[in-house]
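Single-letter residue listing:
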Amino acid sequence: MSDETKTEDKPAAAEKEWQPRIIAFVCNWCTYAGADLAGTSRMVYEPHVRIIKLPCSGRIDVSFIIKAFEQGADGVMVSGCHPGDCHYTAGNYHARRRFGGFRDLLEFCGFDMRRVVFSWVSAAEGKKWADLVNEAVAKIRELGPFKEYQKLLAEDIWRKEETNSDRETG
Amino acid sequence: MSRIGVFVCHCGENIARMVDVTRVAEETAKLPGVAVSVDYRYMCSDPGQNMIKEAIREHKLDGVVVAACSPQMHEPTFRAAVVEGGLNPYLCEMANIREHCSWVHTDKELATQKAIDLVRIMVEKVGKNQELFPIKVPVTKRALVIGGGIAGIQAALDIASGGHEVVLVEREPSIGGNMARLSETFPTLDCSQCILTPRMVEVDRDPRITLYTYAEVEEVGGFVGNFKVKIRQKAKSVIADLCNGCGDCWNKCPQKKIPSEFDAGLGYRTAIYVPFPQAVPNTPVIDRERCTKFLKDKCGICEKVCTLNAIDYTMEDEIIEVEVGAIVVATGYDLFSVGKDQPNEQWTGYGEYNYDAYPDVIDGIQFERLLSASGPTQGEIRRPSDGKEPKSVVFIACVGSRDPEKGLEYCSKICCMYIAKHAMLYKHKVHDGQPYVFYMDIRAGGKNYEEFVRRAIEEDGVLYIRGRVSKIYKDGEQLVVVGADTLSDSQVQVRADLVVLATAIVPHRDAYELAQKIGFGCGSQGFFSEAHPKLRPVETNTAGIYLAGACQAPKDIPDAVAQAGAAASKVQLLFSSDELEREPIIASVNEATCVHCRNCIRVCPYSAITDKEIKDKKGNLIKMVAEVNEGLCLGCGACVAACPSKSIQLAGFNDEQVFAEITALGSG
Amino acid sequence: MIEQIREKAKELLASGEVKVVIGYENGGLPETTRPVFITSPDEVDRLVWNKYCYANLATFLWRKEVSSLGKPAIVAKGCDVKAIVVLIQESQIKREDVVILGVTCTGVGDPPLSKCPICDVNTPREYDCLFGEEIPPKTDINKFADVDEFEKKSPEERWEFWEEQLSKCVKCYACRQVCPMCYCEICIADKNQPQWIETSSHTRGNYHWNLVRAWHLAGRCVDCLECERVCPVDIPLSLVNRRLAKSVKARFGYEPGYDTEAPPPFTDFKPQDPEEFIK
């Protein structure tokens, strides 16, 4: 999105009050279906999470998380099937290793780990999904926007040019 | 620039109540690449679908986003609609603004913003979507069945009855498996041989079944519909085509004292032998490790007595290659053999039962042989040590089962029933004898099973003692069984002439090796893993490979037969068309940038990725890369995340698509 | 010791067993060395061995310019051998396709590099010929003392530290070029469909690059310190590398560089792997 369209798009009311922005990377078979169940069960929860569906938590790359922060996310959720339940038998085990290591790296670099939530949510755990979202939103409201990350670019005078050229190539 | 159509559904009031659908359509219409954006009361209705089809034609759309319910609900509907509109189905995506939005939120403004974002994600994704086409894999309509016990026999017969060729491989000289060794079967007490033998003969007669006995699967390559199998036919030293099974050779063989495997060591066989009289095929084999001809180059009597010149000492192992479309694994079980060589180091314990030391402590299968009319005692109950009729027999349940301390955690399932059967049959043969059973619980779940156990207790006077046995020692000619009776809270001692241990059921000792060879999974106890414990109980995780019988878990005969029938019907389903259609959501390798670190090969749960050599015209190796087998890949994408240079990508969820989805939410 | 290395190199080249010996020669300035590629037995006297032999020559094993010469022999310290082990694990080179001229080493640099006091491979674990007296491996060393120390800082302090360090990065990719493990033909940083890692050297792009660089080395980095040595703006890259090494050791009980048969830890799993961070 260029800055121009963005400001046009946003209604005036939303401009006033900051709202948490959370991106969730979830697997198709368990967590996505769990979120569906929360819907069919009409469980009310916070509207700040945007789900991006992948076939399996094993597909989720560390760059997805970094890119989400680059795009202004204040928090990231990663969720897949419980151990033993993976539709593809082992994708969640690989994901678990990967994110165990990667979270340690983020923590070491000073990331507030309350901004990155890893979870197992089964297709039957609509309630758990709703609770996790509410919890994450509450935490991030407390923490406020992820200014530290956002200012990494904001300080940079080349910002505008970079954004445009990104859109051409990406 | 793409030309994407956005179709926002009201779902009656379901969505429209909480999401300002008109605004969603208006806002998303402004997105770059969106050619048309409309909202409608029921997108899934015929008029709704027609709206999409017409819009595709009118606006020359190259992508469609339907903002409605969960794709689990209506993705097939809308993909079918875009196909009718002239688009590839994979150019249609759904934004879930019902289950994930309108149904779970109460702030209309925020819910509407979220809905706009969810549509935006999908608009950006669809812009990167590519046309995908189902992968077609040819199917070889011939099945391999590994193991010729009752499960393998049933599977082979069923598949053959469906009109398909079957290759049945059995490692022993005859088919029949463990069931052939049983005397009578619970809960009906019909003779095992009598119900099994006709099926064995049917296998032999069926022209669609090729039977390899005394043979083993050596190698399995390929994938569903297209397996290439190598079978090692061990040298039988007897030419099957010439032999008529007259028996002169084994009757004249001077090596008469070889413990019979079939009789579990209680009887003897010769060096040239058929394992049992009703063997199928009825061709003998020479046990080269025991035969004097092979050991000392003497004897040669069998060759001399054979009038058909069927004996061939120079015969060699042969490798037979077959192509099959499906594989049924039915390798059955072994018994946890207390105190003897164990296939697994952890299986120790029970030295206190002196199974090895006292000949009159035997296991269940040995007792079956004593009961069997074709067994070493012609069905008379004689104890191994002195051939006397035992007047008191103790049966001990759960030897190895349900005992993680010394044996295995799981229940072997069939022992409670066969103990009741053993005790009952013993009583039928030795009227003045007394059977005792030491047990933990009686598990008799099954049609007429509980009634059967009650009969043993109430009509045949079997004495059940609830408790474990702590030791067995010898006193004169008798054995003293020391145990607890937990119901009367006391120590009991029973003097017995014979003790029968109901040892646990364990996977065949080569099961793990076979699973590795073929490429599917084993659980922690070594039983083969089904794809899903409830919904896919006969499939493995490798497409085209199915399970039948006790190789998957301890099972009795009816369960094994039922599973074999189910596996056979899965095979026939696979064989019902000439080509297999598979979802094109699979991985592919960019050979130009792949550096063959093999990460993808290691993480792939389906062994779908292999090494590939890239050679120049002269055949010199340029480099190694990874290669995806389209027949095996199921599209999880673990390989993509594991690839450092992103040289492997998953169609439908490639990096460009995910990148577009994330940046769709971006602020720059 | 150098005489024996030269003699062996001469023998290997003369017999044709290897086509090139990768070693060190004196650099252009005093107290420096540089990599040398000896292809003729007459040139073996150029080889040197001293405490200025910092470079991890394993990085040359898979480079086309070198591998096209034919089978190599390589002069390798214990730490360099660890890199060779990882390359074998990851099928970048076969064990039988390289002759390892292992040298025992008490540390390089003056003063010794930070990796030397915590080294447990003074005698290489894997070699074809060994030069120098065998030195028993040190025990009771804490490889992660400085990592532990850094972790005592508050998240804010850590963030501030890395923000400052990573803001210096100019994405020259020298760290990648020198790394023996960075053998990808096209690095993720150079792929532009999509462009995961933003190209210009603003701090946000630097974060992505440096996080991914460290991440791609997780469970593989043998801490040869080459990246840190060549970094023109002195980012303490080894610190993040070793944080991940610590994590891999603690979580999966694995240390790279010791076992050519072990699967790399992020391509493997155990059902009971720790998951304390997962809700």
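Here is what the cut-offs are and how they apply
- Residues numbered from 1 in each chain as written.
- Chains lettered and ligands numbered in written order.
- Predicted model: local features only at pLDDT ≥ 70, side-chain atom pairs only at ≥ 80, totals over all residues.
- Heavy atoms only, no water.
- Helix = DSSP H or I, 4+ residues; strand = E, 2+ residues; numbered from the N terminus.
- Buried < 20%, exposed > 50% of the residue type's maximum accessible area, 1.4 Å probe, protein only.
- Contact = heavy atoms within 4.5 Å.
- Areas by Shrake-Rupley, 256 points an atom, 1.4 Å probe, with all protein chains shown as cover.
- Lys, Arg positive; Asp, Glu negative; His and termini not counted.
- Charge placed at Lys NZ, Arg CZ, Asp CG, Glu CD.
- Buried area = accessible area lost by both parts, 1.4 Å probe.
- Salt bridge = Lys/Arg side-chain N within 4 Å of Asp/Glu carboxyl O.
- Polar contact = N/O pair within 3.5 Å; in protein donor to acceptor, adjacent residues only side chain to side chain.
- pLDDT = per-residue confidence, 0-100.
- Pairing = 2+ DSSP bridges.
- Disulfide = S-S within 2.5 Å.
- Core = buried A, V, L, I, M, F, W, Y, C linked by side-chain atoms within 4.5 Å.
- Phe/Tyr/Trp six-rings, centres within 6.5 Å; stacked < 30°, edge-to-face > 60°.
- Lys NZ or Arg CZ within 6 Å of the ring centre and 35° of its normal.
- Nonpolar A, V, L, I, M, F, W, Y, C, P; charged D, E, K, R; others polar.
- Axes fitted to C-alpha atoms, helices over the stretch in contact; angles between N-to-C directions.
- Expected span 1.5 Å × (residues − 1).

## A look at the overall build of chain B
1) Next: The helix and strand tally for chain B stands at 18 helices and 34 strands.
2) Next: Taken across its 668 residues, chain B has 58% of its residues classed as buried.
3) Next: Taking the contacts inside chain B whose residues are at least 6 apart along the sequence as the reference set, 69% of them involve residues at least 24 apart.
4) Next: Carbon together with sulfur atoms contributes 48% to the accessible area of chain B, which is approximately 27300 Å² in total.
5) Next: Distance between charge centres in chain B, computed from 74 positive and 89 negative side chains, equals 2 Å.

## Examining the interface of chain B and chain A
1) Next: Contacts between chain B and chain A engage 54 residues on the former and 52 residues on the latter.
2) Next: Carbon and sulfur atoms supply 59% of the area that chain B and chain A bury against each other, a total of about 4400 Å² over both sides.
3) Next: Remark: the boundary between chain B and chain A carries three salt bridges.
4) Next: Salt-bridge contacts for Asp-117 of chain B lead to Arg-50 of chain A; the nearest nitrogen and oxygen are separated by 2.7 Å.
5) Next: Counting every contact that joins chain B to chain A gives 15 residue pairs in polar contact (both at pLDDT 80 or more).

## As for the confidence of the model for chain B
Segments scoring low in pLDDT should not have their predicted coordinates read at a detailed level.
1) Next: Looking at chain B, pLDDT values average 93 and 98% of them are 70 or higher.
2) Next: The ipTM assigned to the predicted complex is 0.93, against a pTM of 0.74.

## As for the pairing of strand β24 (residues 469-475) of chain B
Residue and element names in this part refer to chain B.
1) Next: Pairing geometry for β24 and strand β25 (residues 478-485), over six bridges, is antiparallel. Bridge pairing in β25 links Lys-471 to Val-482.
2) Next: Counting the residues in the hairpin turn of β24 and β25 gives two residues, including Gly-476, whose phi is positive at 65°.

## Examining helix α3 (residues 31-40) of chain A
1) Next: Taking burial as the measure, the 10 residues of α3 of chain A include eight buried ones, the bulk of the element.
2) Next: Looking one or two residues beyond α3 of chain A, the residue adopting positive phi is Arg-42 of chain A, at roughly 55°.

## Topic: the state of the cysteines
1) Next: Going through the model one piece at a time under the given rule, you end up with two disulfides over all chains.
2) Next: Residue pairing for Cys-30 of chain A: its cysteine sulfur links by disulfide to Cys-81 of chain A, the two sulfurs lying 2.4 Å apart. Residues Cys-30 of chain A and Cys-81 of chain A are joined through a disulfide that is right-handed, its torsion about the S-S bond being 100°. Of this pair, Cys-30 of chain A sits in the loop between β1 (22-27) and α3 while Cys-81 of chain A sits in the loop between β3 (75-80) and α5 (91-108), and the two are 51 residues apart along the sequence.
3) Next: The disulfide partner of Cys-191 of chain B is Cys-194 of chain B, and the S-S distance across this bridge is 2.4 Å. Here the S-S torsion is close to 85°, and the disulfide linking Cys-191 of chain B with Cys-194 of chain B is therefore right-handed.
4) Next: Residue Cys-194 of chain B is classed as exposed on the basis of its relative accessible area of 52%.
5) Next: Free of any disulfide, Cys-27 of chain A has its nearest neighbouring cysteine sulfur in Cys-81 of chain A, separated by 3.6 Å.

## Re the environment of Ser-119 of chain A
All names here are of chain A.
1) Next: Here Ser-119 lies in strand β4 (residues 116-120).
2) Next: Judged by its relative accessible area of 3%, Ser-119 is buried.
3) Next: For the pair Ser-119 and His-82, spaced 37 residues apart in sequence, the C-alpha separation works out to 8.5 Å.
4) Next: Here the side chain of Ser-119 touches Ser-79 through a polar contact of 3.0 Å, side chain to side chain.

## A closer look at the nonpolar core
1) Next: Within the largest apolar cluster, 186 residues are counted, with the highest numbers of intra-cluster contacts made by Phe-25 and Phe-111 of chain A, Val-64 and Ile-648 of chain B together with Trp-162 of chain C.
2) Next: Of all the elements, helix α5 (residues 108-128) of chain B adds the most residues to this core, at nine residues.
3) Next: Residues in contact with Phe-111 of chain A, not counting those within four places in the same chain, are Phe-69, Leu-106, Phe-146 and Tyr-149 of chain A together with Trp-159, Tyr-207 and Leu-211 of chain C.
4) Next: One finds Tyr-355, Ile-419, Tyr-439 and Ile-505 of chain B within the second-largest nonpolar core, a separate group that totals 68 residues.

## Comments concerning the packing of aromatic side chains
1) Next: A complete count under the given rule lists 39 aromatic pairs over all chains for this structure.
2) Next: For the pair Phe-150 of chain C and Trp-162 of chain C, a centre-to-centre distance of 5.9 Å together with 65° between the ring planes defines the contact as edge-to-face. Placement of Phe-150 of chain C in helix α4 (residues 145-151) and of Trp-162 of chain C in helix α5 (residues 155-167) is noted, with a sequence separation of 12 residues between them. Of the two residues examined, Phe-150 of chain C and Trp-162 of chain C, each falls in the buried class.
3) Next: Among the aromatic residues, those joined into a ring-pair cluster are Phe-69, Phe-111, Phe-146 and Tyr-149 of chain A together with Trp-159 and Tyr-207 of chain C.
4) Next: Above the face of the Phe-252 of chain C ring, Arg-97 of chain A is positioned so that its terminal group lies 4.1 Å from the ring centre.
5) Next: In this structure, Arg-176 of chain C is placed above the aromatic ring of Tyr-173 of chain C, and the distance from its NZ or CZ to the ring centre is 4.4 Å.

## Section: the interface of chain C and chain A
1) Next: At the interface, 44 residues of chain C touch 44 residues of chain A.
2) Next: Taken together, the two surfaces of chain C and chain A that pack against each other cover about 4400 Å², and 63% of this comes from carbon and sulfur.
3) Next: Summed over the three residues of chain C that lose the most area to chain A, namely Trp-159, Arg-204 and Lys-279 of chain C, the buried surface amounts to 19% of that side.
4) Next: Across the contact surface, chain C and chain A share six salt bridges.
5) Next: Put simply, Asp-273 of chain C and Arg-97 of chain A hold a salt bridge, and the shortest N to O gap is 2.7 Å.
6) Next: Mapped by element, the contributors of at least two residues to the side of chain C that touches chain A are α4, α5, α7 (203-216) and α9 (237-252) of chain C.
7) Next: If you tally residues by element for the side of chain C that touches chain A, the top one is α7 of chain C, at eight residues.
8) Next: Taken together, the residues that form the side of chain C that touches chain A break down as 22 nonpolar, 10 polar and 12 charged.

## Section: the pattern of salt bridges
1) Next: One pass over the structure, following the stated rule, counts 83 salt bridges over all chains.
2) Next: For Glu-27 of chain B, the salt bridge goes to Lys-30 of chain B, with nearest N and O atoms at 3.7 Å.
3) Next: Residue classification places Glu-27 of chain B among the buried positions, given a relative accessible area of 13%.
4) Next: Asp-578 of chain B is the partner of Lys-141 of chain B in a salt bridge, and the nearest nitrogen-oxygen pair spans 2.9 Å. With a gap of 437 residues between them, Lys-141 of chain B in the loop between β5 (135-138) and β6 (142-146) and Asp-578 of chain B in the loop between α15 (557-574) and β30 (579-582) connect regions that are remote in the sequence.
5) Next: Through salt bridges with shared partners, one network takes in Arg-103, Asp-104 and Glu-107 of chain A together with Asp-148, Glu-151, Arg-243, Lys-246, Arg-251 and Glu-276 of chain C.

## Thoughts on the sheet that holds strand β1 (residues 20-26) of chain C
Residue and element names in this part refer to chain C.
1) Next: Read from one edge of the open sheet, five strands run β2-β1-β3-β4-β5, paired in mixed fashion. Of all strands in the sheet, those bounded by a partner on one side alone are β2 (33-38) and β5 (129-131). On average, each strand axis in the sheet is tilted by 25° relative to the strand beside it, whichever way the strands run.
2) Next: Of the strands in this sheet, β1, β3 (72-76) and β4 (99-103) are in contact with helix α3 (residues 78-89), which crosses β3 at around 135°.

## Overview of the side chain of Thr-503 of chain B
Residues and elements named next belong to chain B.
1) Next: Assignment of secondary structure puts Thr-503 in strand β27 (residues 498-503).
2) Next: Thr-503 gets classed as buried once you look at its relative accessible area, which sits at 1%.
3) Next: Of note is the side chain of Thr-503, whose polar atom sits 3.4 Å from the backbone oxygen of Phe-336.
4) Next: Those residues in contact with Thr-503 that sit more than four places away from it in its chain are Leu-335, Phe-336, Val-338, Asp-363, Val-399, Cys-415 and Tyr-418.

## As for the sheet that holds strand β29 (residues 545-547) of chain B
Residue and element names in this part refer to chain B.
1) Next: Across the sheet, five strands lie side by side as β10-β7-β6-β18-β29; this open sheet has parallel pairing. The two strands at the open ends of the sheet, each matched to only one other strand, are β10 (209-212) and β29. Shown here is a sheet whose adjacent strand axes are inclined to one another by a mean of 20°, direction ignored.
2) Next: Where strand β18 (residues 326-329) lies against β29, three bridges are found, and the strand directions are parallel. By the bridge assignment, Val-329 is partnered in β29 with Leu-547.
3) Next: Here helix α6 (residues 150-161) sits on the sheet in contact with β6, β7 (165-169), β10 and β18, set at roughly 165° to β7.
4) Next: Across the sheet, α15 is in contact with β6, β18 and β29; its angle to β29 comes to roughly 165°.

## Some thoughts on the pairing of strand β26 (residues 490-496) of chain B
Residue and element names in this part refer to chain B.
1) Next: Bridging between β25 and β26 involves seven bridges; their strand directions are antiparallel. Pairing of Asp-485 across the sheet is with Ser-490, part of β26.
2) Next: Where β25 folds back on β26, the antiparallel hairpin that results is connected by four residues, among which Asp-489 adopts a positive phi of roughly 55°.

## Observations regarding α3 of chain C
1) Next: Here α3 of chain C spans 17 Å end to end across 12 residues, near enough to the 16 Å set by a 1.5 Å rise per residue.
2) Next: Within α3 of chain C, 12 of the 12 residues are buried, which leaves it mostly tucked inside the rest of the structure.
3) Next: Among the structural elements, α16 (599-603) of chain B together with β1, β3 and β4 of chain C are those in contact with the buried residues of α3 of chain C.
4) Next: Taken from the residues just after α3 of chain C, Ser-91 of chain C is the one with a positive phi, measuring 55°.

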